[in-house]
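Survey of secondary and tertiary structure
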Amino acid sequence: MSSDKMSSENNILVKLEDAGIRQNDKWLVQGVSLEVEKGKIVTLIGPNGSGKSTTAKIALGIYKKIEGKVEKFTDKIGYVPQKISVDWTLPLRVHDFMVLTENLKDEEINKALTLTGVLNLKKKNLGNLSGGEFQRVLLARAISKKPELLVLDEPVQGVDFTGEIALYKLIKEISDKLNCGILLISHDLHTVMSATDHVVCLNGHVCCSGSPIDVAKNNEYKALFGDQASQILSRYEHKHDHVHSSDGSIKQKN
Amino acid sequence: MFDDFFIRALFAGIGVAFVTGPLGCFVIWRRLSYFGDTLAHSALLGVTIAYSLEFNIAFSVFITSSLIALILVQLQNKTNLPGDALLGLLAHSSLAVGLVVIGFLTFIRFDIMGLLFGDILAVTVNDIYIIWFGGALILLILKLIWKPLFASTVNYELAEAEGLNPDRAKAIFTILMAAIIAISIKMVGLLLITGMLIIPAAMARNISDSPLKMVTYSIIGGLLSVLIGLFSSLEFNTPSGPSIVAAALFLFILSLLKIKQTIKLKN
């Protein structure tokens, strides 16, 4: 059976099987299996350096030398990277940035910028935006091309609190309206909980995964996030069955 | 029409300026000015090969510069030396080897000054055809790879993630750089080609707020530099390459005045 056929049957947009990447004999992340389906939101959570962004880049095909398998079933992809260092030797307005990877009509640009609340910045130079404004422009650019797969790496960083909630609501709406799959990265399960279908908790490997409630209940998740998690979800029991070393590998299993 | 050497030089120069304008913008955006220098230095080797094998100069330079670019990529992958050291190594060694080979070719009289700084007297009708056809081809290819090249210049990972194949665009752009050096070497001279690439583009950066404007002003700047440079070269009997680049510098200084004005207006 061809892979195209399989994808249309299963609605799978991207699939990772036991994927990982090694750099200088050190695993950045390993053994990740996950799949993003149409209309579904998959959230990656984990502490800093746990391999969330790396996993997203593996899924996007940015890394070439990987272990395991990654299959993409769509080319219509919108990506909001975590860090973007735009070189200011380039004179670039928001408008120019919007059409970076796709030729869009003016109305499509305006619509996307209106959705994220930054239409007024259209003529502004990209270098003059604040962190939050820039983040909204990044999100607008990613959704404007009506992608089948959206990969959002901490898409609301630097956005004020009320804006953060509104943007997550918008992300959920986009997923419903465009019926696109979303791979979302967040370090805070609490805020994305309501908008997520499936959560993968990473710490150099897949610590645990499942529905948001399952993961929140999971002891490994709580061991990773400690006080913060237990404050939010104090009603759940707490037990961790393995210990992590500083690079995220499993030290021992009890 | 092409009987007069000055008319030939004008046509050649105008053709070159149309191509160096947009390419120069990418050289600035992608920080490739030393890379351009290296390719230009290696062009001398290409010229000597052309003379000794009685080959077309532009073609020979194109091949040599492309080869040097390929060697650079290999060295970057295989050694731990920083990029600028490798560029310096290739630039100066290819220049040195080129000059040594010239020393051996005693049976040919070389106009070294003309090679280094350009010589409008040397532009033939054939050269004009090479510049215009070659230049048109370069611009056409640049237009075709514009989207992936520009997107990856802004952000590589974004371009790669959204399926634009930036690596291919980069490789093609490198070949275009070798090609522009090959077609403009007679006109500007190999020491000053990078100046012709970056100075009009730098001038354009000072006065533009969008990529398209910068490309447009860069072309206009290049054209003006060629016109001013060539006329003063004729008038004062100065070498063509330095005259054109000096004219470009003059325009760059003018563009700085414009910046001063806008800052004043803002305050």
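Structure first, text after, so check above.
Below, the structure is looked at part by part. (Residues numbered from 1 in each chain as written. Chains lettered and ligands numbered in written order. Predicted model: local features only at pLDDT ≥ 70, side-chain atom pairs only at ≥ 80, totals over all residues.)

1. Focus: the overall build of chain A
The following threshold applies: Helical segments are the DSSP runs of H or I of at least four residues, strand segments are the runs of E of at least two, and each set is numbered from the N terminus. The exposure scheme places C-beta atoms from the backbone and then counts, for each residue, the other C-beta atoms within 10 Å of its own, assigning buried at 20 or more, exposed at 12 or fewer, and partly exposed in between. For the purpose of contact definition, each residue receives a C-beta atom placed from its backbone, and two residues are in contact when these atoms lie within 7 Å.
From N to C terminus, chain A includes nine helices and 11 strands. A buried classification covers 43% of the 254 residues belonging to chain A. The long-range fraction of contacts in chain A, counting pairs at least 24 apart against all pairs at least 6 apart in sequence, stands at 62%.

2. Digging into the sheet that holds strand 4 (residues 67-72) of chain A
Residues and elements named next belong to chain A. Under the convention used in this document: In this scheme, strands are said to pair when DSSP sees at least two bridges between them. Helix axes are fitted only over the stretch in contact, all axes being lines through C-alpha atoms; the angle between N-to-C directions runs from 0 to 180 degrees.
Read across the sheet, three strands follow the order 2-1-4 without closing on themselves; strand pairing throughout is antiparallel. At either end of the open sheet lies a strand with only one pairing partner, and these are strand 2 (26-37) and strand 4. With direction set aside, neighbouring strand axes in the sheet form an average angle of 15 degrees. Alignment of strand 1 (residues 12-23) against strand 2, held across eight bridges, turns out to be antiparallel. Its bridge partner being in strand 2, Ala19 is matched across the sheet by Val32.

3. What to know about the nonpolar core
Condition: Working definition: the nonpolar core is a set of buried Ala, Val, Leu, Ile, Met, Phe, Trp, Tyr and Cys residues, joined through C-beta atoms within 7 Å.
The biggest cluster of nonpolar side chains holds 154 residues, and the ones touching the most others in it are Val151 of chain A together with Ile181 of chain B. With 13 residues, the top contributor of residues to this core is helix 8 (residues 166-188) of chain B. Residues contacting Ile181 of chain B, with those up to four places away along its chain left out, are Leu39, Ala40, Ala43, Val61, Ser65 and Ile193 of chain B.

4. Regarding the interface of chain B and chain A
Put simply, the test is: For this scheme, ten residues count as nonpolar: Ala, Val, Leu, Ile, Met, Phe, Trp, Tyr, Cys and Pro. Four count as charged, namely Asp, Glu, Lys and Arg, and the remainder, Gly too, count as polar.
With 20 residues of chain B in contact, the opposing surface of chain A contributes 19 residues. Elements with a minimum of two residues in the side of chain B that touches chain A: helix 1 (5-29), helix 6 (125-154), helix 7 (156-161) and helix 10 (211-236) of chain B. The element contributing the most residues to the side of chain B that touches chain A is helix 7 of chain B, with five residues. Across the side of chain B that touches chain A, the residue classes break down as 10 nonpolar, five polar and five charged.

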